[in-house]
Structures are given as structure tokens and as C-alpha cells.
Amino acid sequence: MTAAQELPAPAPDPVLREDRVDYTPTAHSVVLSRHRAARLVLQWGHPALAGDAALLVSELATNALLHGAIRGRLFRVHLTLTASALRIAVSDPRGEHLPGPREPEADDCYGRGLLIVAQLADDWGVEPRTVGKTVFAELAVR
């Protein structure tokens, strides 16, 4: 198939619901964002996804707090629901080191968050931004 014969990419699913909130980089914000995500996903009619969404928000927001916080800068939690997926995206202002899963030592207190995200989410990844980065996880809507 030549370039002239290529088919256009399929249009993305239209957004059915969306929520975007900026939080101060504190531990209490992780709690608030987790509870908000669970409540919204329930209200949006997907109770089976609420617990997983809350856990994913908690892990991603904690990573933003621990590894992406800059004094005086907020982190953002952005939930997007389409007919096929719930996308959870957490953006923070530090983008010089993009995260990836690692194998923690048995006695490490930290380092398992992205392993949990990778196991729980149907898809996840990291997107660099002009300032900072966004780490996202997607749950399929079944």
C-alpha cells in the first residue's frame, strides 16, 4: 500500500465524561484524589472500575508527590471516560527523569507502584510534556 492509499487512522472514542483537578503536592491530596476518583467512577455508572481506579489514582498521585513535586507547583489528576476506556492521567512538573517499573529489593519500602499499575491497568505509559510529564493508566470499559 502506498502513502496515497493509506487508510486514515480511526477517530478516537468521543469523551463521555471528564474531570480534571489540580492538587497541592501533599499526602492529603493523594487521599482526596483517590476518593474523588472512586466517587466519580461510581457516578459515571461503572462501579466495577471504581476500586481499581481509586488504586491507580493513589499510586500515580503518590509517585507525583514523591518524584515529581516542585515547591509551589501543583500536580493534576485527569480522568477521561470514553465508551471503551477509563483513562487516568497524573501530570507533575518534573520531567527530567521519566519513570519506569523496577524490581525493588525485598526490604525496600518503596518502588512497587508502577509494578502495581502495570498489573492492574490494561494499558499505561509516560508522556513527556513541555514542562513535566504525564503518567497514565487505562482500564477497559467492559
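The structure under discussion appears in the preceding block.
Residues numbered from 1 in each chain as written. Predicted model: local features only at pLDDT ≥ 70, side-chain atom pairs only at ≥ 80, totals over all residues. Heavy atoms only, no water.

K.L.:
Help me understand helix H1 (residues 27–43), please; the structure alone is not making it clear to me.
P.N.:
It helps to recall that an α-helix has 3.6 residues per turn; residues three or four apart then point in one direction. Its 17 residues place the ends of H1 25 Å apart at the C-alpha level, agreeing with the 24 Å of an ideal helix rising 1.5 Å per residue. Restricting attention to buried positions, one finds in H1 the residues Ser29, Val30, Ser33, Ala37, Ala38, Leu40 and Val41. For H1, the elements touching its buried residues are strand E1 (17–23), helix H2 (47–67), strand E2 (75–81) and strand E3 (85–92). A positive backbone phi angle near 90° is found at Gly45, which sits one or two residues after H1. (Helix = DSSP H or I, 4+ residues; strand = E, 2+ residues; numbered from the N terminus. Expected span 1.5 Å × (residues − 1). Buried < 20%, exposed > 50% of the residue type's maximum accessible area, 1.4 Å probe, protein only. Contact = heavy atoms within 4.5 Å.)

K.L.:
Teacher, can you tell me more about the packing of H1 against H2 here?
P.N.:
Each packed pair of helices is defined by two parameters, the angle between the axes and the distance between the axes. Following both chains from N to C, one finds H1 and H2 inclined at 155°, their axes separated by 8 Å at the closest point. Looking at the two axes, H1 sits roughly antiparallel to H2. The crossing of H1 and H2 is right-handed. Residue-level inspection shows Ala27, Val30, Ser33, Arg34, Ala37, Ala38, Val41 and Leu42 of H1 in contact with H2, the latter providing Pro47, Leu49, Ala50, Ala53, Ala54, Val57, Ser58, Ala61, Thr62 and Leu65. (Axes fitted to C-alpha atoms, helices over the stretch in contact; angles between N-to-C directions. Parallel < 35°, antiparallel > 145°, perpendicular 65-115°, else oblique. Left-handed = near helix turned anticlockwise from the far one by under 90°.)

K.L.:
Teacher, can you tell me more about the packing of H2 against helix H3 (residues 113–120) here?
P.N.:
At a minimum axis separation of 9 Å, H2 and H3 run at an interaxial angle of 150°. Of the possible angle classes, the one that applies to H2 and H3 is roughly antiparallel. Here the hand of the crossing between H2 and H3 comes out left-handed. Contacts between H2 and H3 pair Asp52, Leu55, Leu56, Glu59, Leu60 and Asn63 from the former with Gly113, Leu114, Ile116, Val117 and Leu120 from the latter. A breakdown of the residues in the contact of H2 with H3 according to their chemical character gives seven nonpolar, two polar and two charged. (Nonpolar A, V, L, I, M, F, W, Y, C, P; charged D, E, K, R; others polar.)

K.L.:
In this structure, what is going on with the pairing of E2? I would like to understand it.
P.N.:
The side chains of a regular strand alternate between the sheet's two faces. Summarising burial for E2: six of the seven residues are buried, a large majority. Direction of pairing for E1 relative to E2: antiparallel, over a ladder of seven bridges. By the bridge assignment, Val21 is partnered in E2 with Val77. As consecutive antiparallel partners, E2 and E3 are separated by three residues. (Pairing = 2+ DSSP bridges.)

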